[in-house]
Amino acid sequence: MPTESEPPTEQWRFETDGKIRSSPTVYDDTVYVGSNDGRLYAVDRRTGEQHWTLQTDGPIRGSPTVFGRTVYVGSDDGSIYAVDTETGTCRWQYETDGSITGSPVIYNLTLFAASNSGQVSAIDLQRRDPVWSVDLDGSILASPLVVDNTVFVGSTDGTLTALAAPSGDIEWRFVTDEELRTPPATSQTEIYVGDRSGTIYGLVRDTGEEVARLEGDAPVDGLGAMTALSPLTTVGETVVFGNYFGRIYAARIQSDLQGVLWKYEGLMGIQSAPAIVDDCVYVGDVGQVHAIGLDSGERQWVFKPEGAKQFRSSPTVTDGVAYIGNDDGALYAVSVDNTGSSRDSREHAGTVGHHDRHAVYQSSLGLYKYAESNDDAALDRVKQLNQALDATLWTGEN
């Protein structure tokens, strides 16, 4: 049995006045995170010192999205804020008709956002006007997923809807058994979504055709009485997720294989999306952050900060540090053995939290052109391209 490592070192913690359920975004030398106190914070990633803060009129539960020198974030007050990354000044604000609890997503210089009223909006970043707006049934509580010119959104009426990114036209719909409260995840050709009953569906991304599902009677150590799932994370063809009973799973959900690869017993209430760095899974539960072997499902270490409560925020891992928020109002920076950065599906899509490598997926080059690349120079060139594109958005700004 593998030897468990020593718990990691806490580098710093940054205190806010509300629970942190927003997952951190790390861009260059700054961590951006929202709090239930209604503020967006910019914090130095190395020292934990505050650069600036922006006050909104409602809790910020979703992750900020950075594009160039602008950070975009939604609030429970129903607005999307475009904020200067250096000064914290709000450049412009777009009002929707409901609370925004997920993250805004940028694709091809268009911002996509969804609200709990069921409205999905596409906003042209250059004109700062809506390209289209679609009203769906049920509330949308999670971030949209944008892949290859299609926007995927799940709602509490149990429907996963695929919308054409340029027009908002419905491409297909798939109805699940229960509410959808977390964002979908994707592999190269399939899309995965988990409903509140604990069933995970594997669908053909282009058509919405169901190819497999994983539920209580699934083979290979079936999931049993699961009632709710954390956001899903995929790496290759493996889906990693947690549930409210404190269990963490790695599974395959394909036409020829539906089953659990391993099951890990946490404490309880897994609501944090797993982050994957090379061969390690990082995830939070009640007062703890776990590191688990991706291949083995064996515990590598457990981090238990004093006074911590529920970790509903999801870790963002980059350059040997995991950043994660807690219901105690603190943002934690924790040194980890792994010096890599998470490059799993949620990092690529920016649906829960991400680091600066996500910039390469916000361009019109598409999600998978660079998804499997280890060429840091190529990734940085695309990031620089997006910074130049962002600069054009503010030409002539007063």
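Residues numbered from 1 in each chain as written. Predicted model: local features only at pLDDT ≥ 70, side-chain atom pairs only at ≥ 80, totals over all residues. Heavy atoms only, no water.

*Asks:* It is not clear to me how the overall build of the protein should be interpreted in this structure. Could you clarify?
*Replies:* Along its length, the protein carries 2 helices and 33 strands. Within the protein, residue pairs in contact and separated by at least 24 positions form 47% of the contacts whose partners lie at least 6 positions apart. As presented, the protein carries roughly 14600 Å² of accessible surface, and 42% of it is formed by carbon and sulfur atoms. (Helix = DSSP H or I, 4+ residues; strand = E, 2+ residues; numbered from the N terminus. Contact = heavy atoms within 4.5 Å. Areas by Shrake-Rupley, 256 points an atom, 1.4 Å probe, with all protein chains shown as cover.)

*Asks:* Whenever I open this one, the sheet that holds strand β11 (residues 110-114) confuses me. Can you help?
*Replies:* Judged by pairing direction, the sheet is antiparallel, and its 4 strands sit side by side in the order β10-β11-β12-β13 without closing on themselves. Looking at which strands have only one partner, the edges of the open sheet turn out to be β10 (105-107) and β13 (129-135). Within this sheet the neighbouring strands show an average axis-to-axis angle of 20°, counted without direction. Direction of pairing for β11 relative to strand β12 (residues 119-124): antiparallel, over a ladder of 5 bridges. Bridge pairing in β12 places alanine 114 opposite valine 120. (Pairing = 2+ DSSP bridges. Axes fitted to C-alpha atoms, helices over the stretch in contact; angles between N-to-C directions.)

*Asks:* Help me understand the pattern of salt bridges in this model?
*Replies:* Two side chains with opposite charge may pair up if their charged atoms get near one another. Evaluation of the coordinates by the stated rule reveals 17 salt bridges. In this structure, the salt-bridge partner of arginine 127 is aspartate 129, at a minimum N-O distance of 3.8 Å. Looking at aspartate 129, the relative accessible area reads 36%, which means it is partly exposed. Ionic contacts of the salt-bridge type, sharing partners, join the residues Asp17, Asp37 and Arg39 into one network. (Salt bridge = Lys/Arg side-chain N within 4 Å of Asp/Glu carboxyl O. Buried < 20%, exposed > 50% of the residue type's maximum accessible area, 1.4 Å probe, protein only.)

*Asks:* Quick question: what am I supposed to make of the nonpolar core here?
*Replies:* Soluble globular proteins tend to bury their nonpolar side chains together. One finds Tyr282, Trp301, Val317 and Tyr332 to be the most contacted residues of the largest nonpolar core, which totals 17 residues. Ranked by residues supplied to this core, first place goes to strand β32 (residues 330-335) with 3 residues. When residues no more than four places from it in sequence are discounted, the contact partners of tyrosine 282 are Ala273, Pro274, Ala275, Val277, His290, Ala291, Trp301, Pro315, Val317, Val336 and Asn338. Judged by nonpolar contacts, the second largest core, of 15 residues, contains Phe112, Val120, Val153 and Leu163. (Core = buried A, V, L, I, M, F, W, Y, C linked by side-chain atoms within 4.5 Å.)

*Asks:* Help me understand the layout of surface pockets in this model?
*Replies:* With a probe scaled to a water molecule rolled over the atoms, the places where space remains empty come into view. Each pocket or cavity is described by its volume, and for the largest pocket that value is around 740 Å³. In this structure, the largest pocket is lined by 29 residues; those nearest its centre are Leu141, Arg181, Thr182, Pro231 and Gln271. Across the lining of the largest pocket, the residue classes tally to 9 nonpolar, 13 polar and 7 charged. (1 Å grid on protein atoms, 1.4 Å probe; cavity = no way out; pocket = protein on both sides within 12 Å on 5 of 7 lines; lining within 4 Å. Points joined across faces, edges and corners; volume = space filled by probe spheres on them. Nonpolar A, V, L, I, M, F, W, Y, C, P; charged D, E, K, R; others polar.)

*Asks:* Would you explain the packing of aromatic side chains in this entry?
*Replies:* How two aromatic rings sit relative to each other is set out by the distance from centre to centre and by the angle between their planes. Summed over all chains, the structure comprises 11 aromatic pairs. Pairing tryptophan 12 with tyrosine 323 gives two aromatic rings, centres 6.1 Å apart and planes at 45°, and the pair type is tilted. Residue tryptophan 12 is found in strand β1 (residues 10-15), and its partner tyrosine 323 is found in strand β31 (residues 321-325); the two are separated by 311 residues along the sequence. For the pair shown, tryptophan 12 and tyrosine 323 are each scored as buried. (Phe/Tyr/Trp six-rings, centres within 6.5 Å; stacked < 30°, edge-to-face > 60°.)

*Asks:* Please explain the environment of valine 336 as it appears in this structure.
*Replies:* Relative to the elements of secondary structure, valine 336 occurs in the loop between β32 and α1 (345-349). Accessibility expressed as a relative area gives 9% for valine 336, which makes it buried. Distance from valine 336 to aspartate 319, taken between C-alpha atoms, is 9.0 Å for residues 17 residues apart in sequence. With sequence-adjacent residues up to four places away left out, valine 336 is seen in contact with Tyr282, Trp301, Val317, Gly320, Val321 and Ala322.

*Asks:* Even after reading the chapter, I still don't get the side chain of threonine 30, so can you show me in this structure?
*Replies:* Relative to the assigned elements, threonine 30 resides in strand β3 (residues 30-34). With near-sequence residues (within four places) excluded, threonine 30 lies in contact with Thr25, Ala42, Val43, Arg45 and His51.

*Asks:* I keep staring at the pairing of β13 and nothing clicks. Help me out?
*Replies:* Bridging between β12 and β13 involves 6 bridges; their strand directions are antiparallel. Each residue of the ladder has a partner; that of isoleucine 123, found in β13, is proline 130. If you look at the hairpin formed by β12 and β13, you'll find 4 residues sitting between the two strands, and arginine 128 has a positive phi there, around 60°.

*Asks:* Sorry, what's going on with unusual backbone geometry here?
*Replies:* Residues other than glycine seldom take positive phi values, yet leucine 109 does so here, at roughly 60°. Here leucine 109 is to be found in the loop between β10 and β11. Given the relative accessible area of 22%, leucine 109 is considered partly exposed. Located in the positive-phi region is aspartate 278, a residue other than glycine, with phi close to 55°. Within the secondary structure, aspartate 278 is located in the loop between β26 (275-277) and β27 (280-284). Under the relative-accessibility criterion, aspartate 278 is labelled exposed at 58%.

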